[in-house]
Amino acid sequence: MAFAIEEINRDPALLPNITLGYRLYDNCENLAVALRAATALISGEDDSVTDYSCTGTPPVLAIVGDPGSTNSIAVSRILGLFRVPMVSYYATCSCLSSRKEFPSFFRTIPSDTFQVKAMVQIFRHYGWTWIGVVVSNDDYGLYALKIFTEEVNKFGCIAFSEILPRNNNTSEILKIIRTVKQSSAKVIAVFTTGAYLIPLTEEIVQQKIRGRQWIASEAWASSPVFHTKKLLPYLGGTIGIAVRRGEIPGLEKFLLQIRPVLDTRNNLVKLFWETIFDCKFQDKAINQNLSDVLNIKICTGAEDIEKTKTAYSDVSELRASYNVYKAVYVLAHSLHNLMSCKPGKGPFQNNSCADITTVQPWQLLHYLARVNFTTHYGDRVSFDENGDALAIYDVINWQRADDGSGKTVTIGLYDESAPAGQKLSLNEDKIFWNFESNVPPRSVCSESCQPGTRKATRKGEPLCCFDCVPCAEGEVSNHTDSIECFKCPSEYWSNPSRDQCVLKEIEYLSYEETLGFSLTSASVFGALISAAVLAVFIYYRNTPIVRANNSELSFLLLLSLILCFLCSLLFIGHPLHLTCMLRHVVFGISFVLCISCILVKTIVVIMAFRATLPDNNVMKWFGAAQQRGTVFVFTLIQALICIIWLSTAPPVPFKNTQYQNSKIIFECNVGSITGFSCLLVYIGLLASVCFLLAFLARNLPDNFNEAKFITFSMLIFCAVWIAFIPAYVSSPGKYSDAVEIFAILASSFGLLTAIFAPKCYIILLHPEKNTKKALMGRAAPKN
């Protein structure tokens, strides 16, 4: 402070023709002393009163200090009543930013609000979300804890918070140590002054607590008290938020000009000199003879202080001192701006200016709030609306010095005025991590939930402690630490890792798969067999067995069977609008044609038997023309059902996403359930009538009674289609089509085998039985 004022008084550009004076008081780190000093300064109790008119300047215009937050709160409440400016260089409590409570308080050190923000930036940078905090039991620590908790809770959790005792109570210190040891938090932030922390560090050494990353507040981050060989193994690697270091040219030379002055009112320099040079000044208590006896070195006052290397003359780490320097210059620039006021353009009543010879503290306060200048070091100095300085910090790291003790190394910078995302800059290559791996520790309660999972909080535990639950089927989470899983759109499904939605697999019965290929082969094989049988019947059309079985109906039946076999192919492959309409239409008409032929053949068998009875000429009423007409009429009815169905609500391709969530079943929607039911009911009705007639005629006494074979074939047909209904309803996706194809093929093979296999057996293997005599022979009557 003295150096800064002398420098200002020598500067012709700053406060010309004005000489600044000062008074220094020691608060002795005691609130009562600090209050007494402040009241002494503003009241001028040490001055003799000569002007009883109460005009002129007050005893002091402004106060630089107090360094402590608690003291500053108390002193500022008094000074604020008189609007006396107070510029603190080390009080950081965020509570002092309240303009309503502290209207005349300013500071050249940033508020704890910004210090906490700087710490939070470091936590975020390294992904530390599980953090312990230890604070001192004063305004500085308690207010810092409040802000720190609020900021950390935005992205992480407080694992524990402990308050250092005021009286260094051993049991409370041990309680804090137990909490630190038991907690899973690897990162611990400490807001305290050095005096509060010493007992805790001693216990840390005593119990050899390692494996913790300490984060130091500016109040102790650069304190040399802790840079000892004993503490380094446990506190080494500490990352601290330090007040911005500055350079003050000429300060070292000024400090080294000190000389002992034997002033009874101020023996501070004398005590300092004796400590530095390990000597005693000769006075009445110590004479030359006594000093020789006691081997005491006598101080001469001519010792060369420039040859000493002490903390006093070390100007390499000017932090608090730099803030004092800036505080003095803030007041000087404010006074300079007050002097520079042009009459008639002033900020006070009637645009008046303040008179430098009678300036009042409240007038200086106006200019102080608007001061703005740049130091020799290049730092801009100004205040915001709360009286806070621009927030800029050095980030320091505790490392080992050459002599084995600790030292601080600047590893980064935090600048609140920088753009978002650029406020914190770190030189990570220079950081020392006090861990075996020499890498940043992990401090989380629960590891991050990867994509494909969601966070599930644990009951009764902080939000940072959670379990990672895999997303359910059909749901995904595509970013880390997702709190919920999102459902995929209707045509999408979650992939196996549940981190993205993929198009659902489209399922239909295709020709390429084994099932589709097998059914296709069976269909083609059945059609070829039917064609072969047709060829045999055409070739042997003039033989008795072919002619006796109504060759025209047999040919038509074989053609319908070929259609029945081939219609199953419409159920295989990618469903199209055309194939969806044709598959059931072709199926319905071909099967009705087939059943109609069998039904007419059954009627012909019955009538043929009746025609053999005397005086029965029924066959003339049911000749070939009537047989063809009957088949046509039966088939026409089915065709009309299909036309009505297709014209009202035809089958269409349909993507079914309801039946199976993970797949899209591409199928043909039958459209009208009534139309489809009518088609099946009509087939069932004809089959039932045919089966009934054939069953009644099964015991006719012909040697070759076709009614027996028709009965057996219709029994197979009805059994297949009755079993088809529950199997079709319960089969999922493409398997429902496979069941229908199987029913078509099974019933078609049943009809082909039961009706035509015996005939082909005789035609091809036993041609001797293919005679009219053998065919017309009567079976021997049973006894």
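In case you missed it, the structure is sitting above this.
Remember, predicted model here, so these are calculated numbers, not experimental data.

In this section: the pattern of salt bridges. Counting across every chain of the model gives 16 salt bridges. Residue E162 pairs with K175 through a salt bridge whose shortest N-O separation is 3.1 Å. With a gap of 13 residues between them, E162 in strand β5 (residues 157–164) and K175 in helix α6 (residues 170–182) connect regions that are remote in the sequence. For K175, a relative accessible area of 41% translates into the label partly exposed. With a shortest N-O distance of 3.2 Å, D467 and R458 are connected by a salt bridge. What emerges from the salt-bridge pattern is a single network uniting R244, E317, R319, D379 and D394.

We now examine the packing of aromatic side chains. Enumeration according to the criterion identifies 29 aromatic pairs in this entry. With a centroid separation of 6.2 Å and an interplanar angle of 55°, the aromatic rings of F123 and W128 are classed as tilted. Comparing F123 with W128, the two get one shared label, buried. When the ring of Y325 is compared with that of Y329, the centres are 5.0 Å apart and the planes differ by 50°; the resulting orientation is tilted. In this pair, Y325 and Y329 are both assigned in helix α13 (residues 320–339), four residues apart and thus about one turn of the helix distant. In textbook terms, an aromatic cluster arises when at least three aromatic residues are bridged by ring pairs, as seen for F123, Y126, W128, F148, F191 and W433. We note R99 situated over the ring of F106; from NZ or CZ to the ring centre the distance is 4.7 Å. A cation over a ring is seen here: K455 above F466, with NZ or CZ 4.6 Å from the ring centre.

Analysis parameters
Residues numbered from 1 in each chain as written. Predicted model: local features only at pLDDT ≥ 70, side-chain atom pairs only at ≥ 80, totals over all residues. Heavy atoms only, no water. Salt bridge = Lys/Arg side-chain N within 4 Å of Asp/Glu carboxyl O. Helix = DSSP H or I, 4+ residues; strand = E, 2+ residues; numbered from the N terminus. Buried < 20%, exposed > 50% of the residue type's maximum accessible area, 1.4 Å probe, protein only. Phe/Tyr/Trp six-rings, centres within 6.5 Å; stacked < 30°, edge-to-face > 60°. Lys NZ or Arg CZ within 6 Å of the ring centre and 35° of its normal.

Nothing here speaks to function; it is all geometry.
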